[in-house]
Amino acid sequence: MDIAHKDSTSLLRRLNPGDALFALALIGGALFALRQYGGFMDIYDKAILLLTVPALAAVGVVWKPFRLFLAASAGLAVCSLSLYGGDLARAEQAFFLKYLISSQTAIMWMSALFFIATGAYLLGLAARSDFAEATGTALTWCAVTMGTTGLFVRWYESYLIGADVGHIPISNLYEVFVLFSLITGLLYLYYEGVYATRRMGAFVLTVISAAVAFLLWYTFSREAHEIQPLIPALQSYWMKVHVPANFIGYGAFALAAMIGVADLLVRHNILVSRLPAARVLEDVMYKAIAIGFAFFTIATILGALWAAEAWGTYWQWDPKETWAFIVWLNYATWLHIRLTKGLRGALLSWWAVIGLLVTAFAFVGVNMFLSGLHSYGSL
């Protein structure tokens, strides 16, 4: 029996009735969405929705806690939609919408929960408290649930404003900072479960809290939470696949960088007894960068196809495109050296940390300091 056959047999044995129920629930949800909102979807939207079902089902099979998270997020979103009853004004009238599950209040809850979770993880690391770290994990799950609920509801709210305004909420810096926080949080929770250690949370949640702090500043200084119509350049089905793939890459790179910080502390005999072994941290960092690179590569290809449709050329060396290529080249080299040259140790950790600075400039810095075809995402 070859390895591939063994792996497939092992996967089949892991399936249970809960997996089948989860898949059926996803199918039912997709059919409900098609029936309820199919009039607002084109053929590409429907194709993306249907392809999402097996993808989420696969994640639910591999990572069981994901199923409860998705069910809770969807359930809260459905409650919010029913409270709206097709009237956006109810956001200020219904108690639970005003204080809990309208898009903005849910995202504010996400922000607060991420901050508190970061504090819990830091306390757990400093005091060697398993209870504090377990609290951090629970709060992180609550934060990603509220943030996901907020994005689902924001999508619905945009259509309440007007059919010509409605769009998936990944079109501006406010929305993608929420998306970045959620993806990074979920990636961390996955690795926390796989490696059965919560000692990495203090580092990863710190970068999420930094993103949330920026999100709050951006919200209150620019009223960025207000839903605006899509500009023509973003009115494309490509956005629905390009942006999420891009931010899985960004989230994975951010996680890898913070694990790199932890790895450097261990290698310099700082907090050695409180952190996982260097080999564990190095393994998480490698896997995060590998996943991030794969999705960032897919996002870059999708972006090129989008550019060809919108501007008639696949690549123009626009500042955003140039820095995306720099990010891609940076992590391609990191993986090449690790896989072909066998390089290990502190150099890779420093490289991952510096790589986050490069990625951050590509993500935000280009929008702040440079102009080009992607200037619609400027601050």
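Our structure is the block above this text.
Small disclaimer: the values here were computed from a predicted structure and weren't measured.

Looking at this structure, how should I read the overall build of the protein chain?
Secondary structure summary: the protein chain contains 13 helices and zero strands in total. Over its C-alpha atoms, taken along the principal directions, the protein chain stretches across nearly 60 × 55 × 50 Å. With 379 residues in all, the protein chain has 48% of them scored as buried. Across the protein chain, every contact between residues at least 6 apart in sequence was considered, and the portion connecting residues at least 24 apart equals 74%. Placing the 23 positive and 21 negative side-chain charges of the protein chain at their respective mean positions leaves the two points 10 Å apart.

Mind showing me how you'd approach unusual backbone geometry here?
Negative phi characterises most residues that are not glycine, and trans characterises most peptide bonds. The phi dihedral of Ala196 falls on the positive side, at around 50 degrees, and the residue is not glycine. Given the relative accessible area of 70%, Ala196 is considered exposed. With a phi angle near 60 degrees, Leu271 is a residue other than glycine that sits in the positive phi range. Mapping Leu271 onto the fold places it in the loop between helix H10 (239–267) and helix H11 (278–311). Under the relative-accessibility criterion, Leu271 is labelled partly exposed at 30%.

I'm lost on a nonpolar patch on the surface in this one. Help?
Nonpolar side chains collect at one region of the surface, where Leu21, Leu24, Ile27 and Leu31 lie side by side and expose about 410 Å² of accessible area between them. You can see Leu21 is positioned in helix H2 (residues 17–37).

Explain the environment of Leu329 here, please?
Residue placement: Leu329 occurs in helix H12 (residues 319–341). Since its relative accessible area comes to 41%, Leu329 is described here as partly exposed. With 36 residues separating them along the chain, Leu329 and Phe293 place their C-alpha atoms 9.7 Å apart.

Looking at this model, I keep getting lost on the side chain of Thr149. Mind explaining?
On the secondary structure map, Thr149 appears in helix H7 (residues 130–161). Judged by relative accessible area, Thr149 falls into the buried class, the value being 0%. Ignoring sequence-local partners within four residues, the contact set of Thr149 consists of Ser73, Leu76 and Ala77.

Would you take a moment to explain the environment of Ser236 for this structure?
By the secondary structure assignment, Ser236 is in the loop between helix H9 (201–222) and H10. For Ser236, a relative accessible area of 10% translates into the label buried. Sequence spacing of Ser236 and Tyr44 is 192 residues, and the spatial spacing of their C-alpha atoms is 9.7 Å. Excluding residues that lie within four positions of it along the chain, Ser236 makes contacts with Trp306 and Glu309. At 3.1 Å, the side chain of Ser236 forms a polar contact with the backbone nitrogen of Trp238. A polar side-chain atom of Ser236 sits 3.5 Å from a polar atom in the side chain of Trp306.

Please explain H2 as it appears in this structure.
For an α-helix, the turn length of 3.6 residues means that residues three or four places apart are oriented alike. Along its 21 residues, H2 runs 30 Å from first to last C-alpha, staying within 8% of the 30 Å computed at 1.5 Å per residue. For H2, the complete set of buried residues consists of Asp19, Phe22, Leu26, Ala30 and Ala33. All buried residues of H2 lie within an arc of 75 degrees about the axis, which places them on one face of the element. With respect to the buried face of H2, the exposed residues turned more than 90 degrees away are Pro17, Leu21, Leu24, Ala25, Leu31 and Arg35.

Explain the environment of Thr333 here, please?
Tracing the sequence through the fold places Thr333 in helix H12. Overall, the relative accessible area of 31% leaves Thr333 in the partly exposed class. Sequence separation between Thr333 and Val284 is 49 residues; the distance between their C-alpha atoms is 18 Å.

Help me understand the nonpolar core in this model?
Looking at soluble globular proteins, one finds that nonpolar side chains tend to be buried together. Judged by nonpolar contacts, the single largest core of 105 residues is most densely connected at Met110, Phe247, Leu255 and Phe363. Of all the elements, helix H8 (residues 173–195) adds the most residues to this core, at 15 residues. With residues up to four places along the chain from it excluded, the contact list for Phe363 reads Leu173, Val176, Phe177, Phe180, Phe247, Tyr250 and Lys320.

Hey, could you run me through the packing of aromatic side chains in this one?
Geometrically, a pair of aromatic rings is defined through the distance of the ring centres and the angle of the planes. On inspection of all chains with the given rule, the structure shows 31 aromatic pairs. Summarising the aromatic geometry, the rings of Tyr121 and Tyr188 are spaced 5.8 Å apart at their centres and angled 85 degrees between planes, so their arrangement reads as edge-to-face. Here Tyr188 lies in helix H8 and Tyr121 lies in helix H6 (residues 103–127), a separation of 67 residues in the sequence. The two residues Tyr121 and Tyr188 agree in class, both being buried. Ring centres of Tyr250 and Phe296 lie 5.9 Å apart, and the angle between their planes is 50 degrees; on these two criteria the pair is classed as tilted. Taken together, the positions of Tyr250 in helix H10 and Phe296 in helix H11 put the pair 46 residues apart, joining distant regions of the chain. In this pair, the class of Tyr250 matches that of Phe296, namely buried.

Rules behind the numbers
- Residues numbered from 1 in each chain as written.
- Predicted model: local features only at pLDDT ≥ 70, side-chain atom pairs only at ≥ 80, totals over all residues.
- Heavy atoms only, no water.
- Helix = DSSP H or I, 4+ residues; strand = E, 2+ residues; numbered from the N terminus.
- Buried < 20%, exposed > 50% of the residue type's maximum accessible area, 1.4 Å probe, protein only.
- Contact = heavy atoms within 4.5 Å.
- Lys, Arg positive; Asp, Glu negative; His and termini not counted.
- Charge placed at Lys NZ, Arg CZ, Asp CG, Glu CD.
- Patch = residues over 30% accessible without salt bridge, like charges linked within 9 Å, V, L, I, M, F, W, Y side chains within 5 Å.
- Areas by Shrake-Rupley, 256 points an atom, 1.4 Å probe, with all protein chains shown as cover.
- Salt bridge = Lys/Arg side-chain N within 4 Å of Asp/Glu carboxyl O.
- Polar contact = N/O pair within 3.5 Å; in protein donor to acceptor, adjacent residues only side chain to side chain.
- Expected span 1.5 Å × (residues − 1).
- Arc of directions from axis to C-beta.
- Core = buried A, V, L, I, M, F, W, Y, C linked by side-chain atoms within 4.5 Å.
- Phe/Tyr/Trp six-rings, centres within 6.5 Å; stacked < 30°, edge-to-face > 60°.

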